[in-house]
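# Breakdown of the fold
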Amino acid sequence: MQDWQRSVIYQIYPKSFYSHSGQATGDLLGVVDKLDYLQWLGVDCLWLTPFLCSPQRDNGYDISDYYAIDPSYGTMADCELLISEADKRGIKLMLDIVVNHTSIEHAWFQQARSSLDNPYRDFYIWRDQPNNWESKFGGSAWEYEAQTGQYYLHLFDHTQADLNWDNPRVRAEVFKMMRFWRDKGVGGFRLDVINLISKPANFPEDSTDGRRFYTDGPNVHAYLQEMHREVFAGHRLINVGEMSSTRLEHCIRYSRPDSQELSMTFNFHHLKVDYPNLQKWVRADFDFLELKRILSDWQSGMQAGGGWNALFWCNHDQPRVVSRFGDDGEHRVVSAKMLATALHLLQGTPFVYQGEELGMTNPGFENIDQYRDVETLNIYRLKRDAGESEASSMAAIQQKSRDNGRTPMQWNRQANAGFSAAEPWIGVPANAAQINVEDQLEDPASVLRHYRQLIALRRSEPLIQHGQYRQLLPEHPQVWAYLREGEGERLLVVNNFYGTRCDVELPEQAIGEVAQQRLLISNYDDCPLRTRQLSLRPYESFVLHLIDR
Ligand code: TEU
């Protein structure tokens, strides 16, 4: 069993976590200040989104220097302190590495753009004519550079130029930089959109946006194996790849131990169940049957192929899960706990995104001036230019904007939710006085306590780590029930995903002849022990450990 197969990872968006210095934005010393809280919660590893030097056009995913800390987050000494203080508490730091692209302010790009024969020209991807591929943030994926008369590729913002991974000098520079951070003592890497690094040499035109040509591209596995040899081999690191629009067979290859590529993969298929016809920017309910089908296919498929899933509901690009798949009003507490249980009992490595453990909600911002995200602001402009009404544009943005997950962490009832002495860079949700760490630490029935219990269970119950996943009642429109099976024992996990009561009968042959049963966790304190005929209350969820007769 590998380290990460019993771990829980906590994601920090440092800009919104805690400001030690009392500025509008959070900083690395702010994370140091909160390490005791994270240790109490029980997490093994922290993934911090990028805090390296950056013009912050995409909040740090546009890096201009891989060897220096962005001054808004602190200094290299602060980073070293964070690594060593976390280490004292048995917590590793995972660095977010963005190497599909750099900022156009990076020295390599500054060199590359200066002339056609500059030695750095081939660090990027240049063409005399653009093809019809689209940027993930809207518009063409090519930008014209007047000085040299060619176009460069950018799959994201035009200030994020794609690196040319077919150039061995690029790979050597990336691996050297990763060894620098490995030798500083980071416990692993989160690799941003790493399955997009290998583009086909001929850049074909596409009938859609081009993604089928560069997603899981021609040399991606070879490049990751090279990264493994050059950076990971012989070191105890946890490496997770963020995979955009990927496929199961590729994720098995990325994460199988014998491929010698990565530890695990993120994918986003289960978070497109509220994108009707794959359109993100419309307001829509989520498709529950589709959600169960996708998560179940990935559970069974990765298990059969020997791969390993990174499990998550939330991150800095996603709305808050309680607002999305739960109920952020009357049933907020029970639904947040149910969603946590449903995810944490799966096979894989769970990620908890800051504030998720409190059941933090979308902020419900009503005015475009309250939003900060480059993608959201682009989309608003495109919608309004296309004649969409203010009300309809804002309805979609309110539900889908990445800023939903980027509001300040809610620490207490004080001003700015205790995040900073200064006014934060983005608004604090009005419910911070009701939803915050300080209150939930005191409350034995809080969402926070439930997360802590789930994190501890993963360590103490081997079936959570490697029991075989089996879905029950796949067509049930309201309940997600599944088993994690072992030899002569199993976990039964039942989740009512809606705010109405529901009677349900589980199939007899799946439950077997039960000799003993034990309740592991539930979200109602009087959960009756039962395995066949269930009468579930709103958002009710429980886990039973069953031993066969
Ligand atoms: O995101 C990759 C990505 O493709 C999406 O999650 C994207 O942000 C979303 O589809 C837009 O709606 C990663 C980072 O997590 C994100 O914050 C960066 O903006 C992006 O890469 C570029 O580096």
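The structure we're discussing is the one just above.
Throughout what follows, the structure given in this document is the object of discussion. As the structure is a prediction and not an experimental result, all values here were calculated from the model. For every chain, the first residue of its written sequence is number 1, and the numbers climb from 1 along that sequence. Per-residue local features of the predicted model are confined to residues with pLDDT of at least 70, and side-chain atom pairs are confined, for both listing and counting, to 80 or more; whole-chain, interface and lining totals are unaffected and use all residues. In computing side-chain properties, one takes all heavy atoms of the structure into account and sets aside hydrogens as well as water.

### A few points about helix 11 (residues 332-344)
- Here helix 11 spans 18 Å end to end across 13 residues, near enough to the 18 Å set by a 1.5 Å rise per residue.
- When accessible area is computed with a 1.4 Å probe and restricted to protein chains, residues below 20% of their type maximum are described as buried, those above 50% as exposed, and intermediate ones as partly exposed. Strands here are runs of E lasting at least two residues and helices are runs of H or I lasting at least four, both read from the DSSP assignment and numbered beginning at the N terminus. Taken as a whole, helix 11 has its buried residues at Arg332, Val334, Ser335, Ala336, Lys337, Met338, Leu339, Ala340, Thr341, Ala342, Leu343 and His344. Expected span of a helix: the number of residues minus one, times 1.5 Å.

### Concerning the packing of aromatic side chains
- Stacked, edge-to-face and tilted are the three classes for Phe, Tyr and Trp ring pairs, Trp counted by its six-membered ring, which pair at centre distances within 6.5 Å; planes under 30 degrees apart are stacked, over 60 edge-to-face, the rest tilted. Inspection of the entire model under this criterion finds 37 aromatic pairs.
- Ring geometry for Trp108 versus Phe123: centroids 5.2 Å apart, planes at 65 degrees, classification edge-to-face. On the criterion of sequence distance, the pair formed by Trp108 in helix 4 (residues 107-112) and Phe123 in the loop between helix 4 and strand 7 (126-127) is long-range, its members being 15 residues apart.
- Judged by its relative accessible area of 10%, Trp108 falls in the buried class.
- Seen from their ring centres, Phe180 and Trp181 are 5.2 Å apart, and the 90 degrees between their planes marks the pair as edge-to-face.
- Phe180 sits in the partly exposed class, given a relative accessible area of 29%.
- Clustering of aromatic rings is evident, with ring pairs tying together Phe286, Phe288, Trp313, Phe325, Tyr469, Trp480, Tyr482, Phe497 and Tyr498.
- Positioned over the ring face of Tyr18 is Lys34, at 4.3 Å from the centre of the ring.
- Sitting over the ring of Trp411, Lys34 keeps its end group 4.1 Å from the ring centre. Both a distance and an angle decide whether a charge sits over a ring: NZ of Lys or CZ of Arg must be within 6 Å of the ring centre and within 35 degrees of the ring normal.

### Some details on the side chain of Arg490
- By the secondary structure assignment, Arg490 is in strand 18 (residues 489-496).
- The buried category is assigned to Arg490, whose relative accessible area is 10%.
- Pairs of N or O atoms are called polar contacts if they sit within 3.5 Å, as long as, within protein, a hydrogen donor faces a hydrogen acceptor (for residues adjacent in sequence, only side-chain-to-side-chain pairs). Here Asp548 takes part through its side chain, which lies 3.0 Å from a polar atom of the side chain of Arg490.
- The contact definition used throughout considers only heavy atoms, calling two residues in contact when any of these lie within 4.5 Å. With residues near it in sequence (within four places) discarded, Arg490 still touches Leu463, Leu483, Arg484, Glu485, Ala510, Ile511, Leu544, His545, Leu546 and Asp548.

### Re the packing of helix 11 against helix 15 (residues 447-460)
- Each axis is a line fitted through C-alpha atoms, taken for helices only over the stretch in contact, and angles between the N-to-C directions span 0 to 180 degrees. Where helix 11 contacts helix 15, the axes come no closer than 10 Å and their chain directions differ by 15 degrees. Between helix 11 and helix 15, the angle falls in the class roughly parallel. Remark: the crossing between helix 11 and helix 15 carries right-handed chirality. On helix 15, the residues that touch Arg332, Val333, Ala336, Lys337, Ala340, Thr341 and His344 of helix 11 are Val447, His450, Tyr451, Leu454, Ile455 and Arg458. Here roughly perpendicular refers to angles of 65 to 115 degrees, roughly parallel to angles under 35, roughly antiparallel to angles over 145, and oblique to all remaining angles. Crossing handedness is defined as follows: a turn of the near helix away from the far one that is anticlockwise and smaller than a right angle gives a left-handed crossing, while the clockwise case is right-handed.

### Quick look at the site of the ligand
- Here a residue is near a molecule or strand as soon as one of its heavy atoms is found within 4 Å of it. Neighbouring residues of the ligand: 17 residues in total, closest Asp58, Lys280, Asp317, Glu375 and Arg402.
- At 2.6 Å, a side-chain N or O of Asp317 approaches an oxygen atom of the ligand.
- Within the side chain of Arg402, an N or O atom sits 2.8 Å from an oxygen atom of the ligand.
- For the ligand, whose accessible area on its own is 490 Å², the fraction buried by protein is 91%.
- Per-class residue counts for the shell around the ligand are four nonpolar, four polar and nine charged. Note on areas: Shrake-Rupley with a 1.4 Å probe; residue coverage comes only from the protein chains shown. The residue classification treats Ala, Val, Leu, Ile, Met, Phe, Trp, Tyr, Cys and Pro as nonpolar and Asp, Glu, Lys and Arg as charged. All others, Gly included, are polar.

### Observations regarding the packing of helix 12 (residues 374-385) against helix 13 (residues 390-400)
- Interaxial distance between helix 12 and helix 13 falls to 10 Å at its minimum, and their mutual angle equals 155 degrees. It follows from the interaxial angle that helix 12 and helix 13 lie roughly antiparallel. Helix 12 and helix 13 meet at a crossing whose hand is right-handed. Facing Thr376, Tyr380, Lys383 and Arg384 of helix 12, the residues of helix 13 in contact are Glu390, Ser393, Met394, Ala396 and Ile397.
- Within the contact of helix 12 with helix 13, the residues separate by chemical class into four nonpolar, two polar and three charged.

### Notes on the nonpolar core
- Tyr10, Leu38, Leu46, Met178, Phe189 and Met227 are the most contacted members of the largest nonpolar core, which has 142 residues in total.
- The element that contributes the greatest number of residues to this core is helix 11, accounting for seven residues.
- Setting aside chain neighbours within four positions, we find Leu38 in contact with Tyr10, Ile12, Phe17, Val43, Leu46 and Ile91.
- Throughout, nonpolar core names a set of buried Ala, Val, Leu, Ile, Met, Phe, Trp, Tyr and Cys residues whose side chains join them through atoms within 4.5 Å. Core analysis: the second largest hydrophobic core is formed by 18 residues, Leu472, Ala481, Leu483 and Ile511 among them.

### Here we look at the sheet that holds strand 9 (residues 150-153)
- Whether two strands pair comes down to DSSP finding at least two bridges between them. Taken in spatial order, the three strands make up an open sheet running 7-9-8, and their pairing is antiparallel. Two strands lie at the open edges of the sheet, namely strand 7 and strand 8 (142-145), each paired on one side alone.
- The sheet contact formed by strand 7 and strand 9 spans two bridges and is antiparallel. The partner of Arg127 across the bridge, within strand 9, is Tyr151.

### Here's the deal with the environment of Val32
- In this fold, Val32 is placed in helix 1 (residues 28-33).
- Under the relative-accessibility criterion, Val32 is labelled buried at 16%.
- In sequence terms Val32 and Val99 are 67 residues apart; their C-alpha atoms lie 27 Å from each other.
- Residues in contact with Val32, not counting those within four places in the same chain, are Leu81, Leu82 and Glu85.

### Some thoughts on the side chain of Ser16
- For Ser16, the position within the fold is in the loop between strand 1 (9-12) and helix 1.
- Classification of Ser16 by relative accessible area gives buried; the value is 0%.
- Here Ser16 is in contact with Gln354, Arg406, Thr407, Pro408, Met409, Phe419 and Trp425, once residues within four sequence places are set aside.

### Details of the environment of Lys34
- By the secondary structure assignment, Lys34 is in the loop between helix 1 and helix 2 (35-41).
- On the basis of relative accessible area, Lys34 is assigned to the buried category, the value being 18%.
- Separated by 17 residues in the primary sequence, Lys34 and Phe17 place their C-alpha atoms 9.1 Å from one another.
- Not counting residues up to four positions away in its chain, the partners in contact with Lys34 are Phe17, Tyr18 and Trp411.

By themselves these figures say nothing about function.
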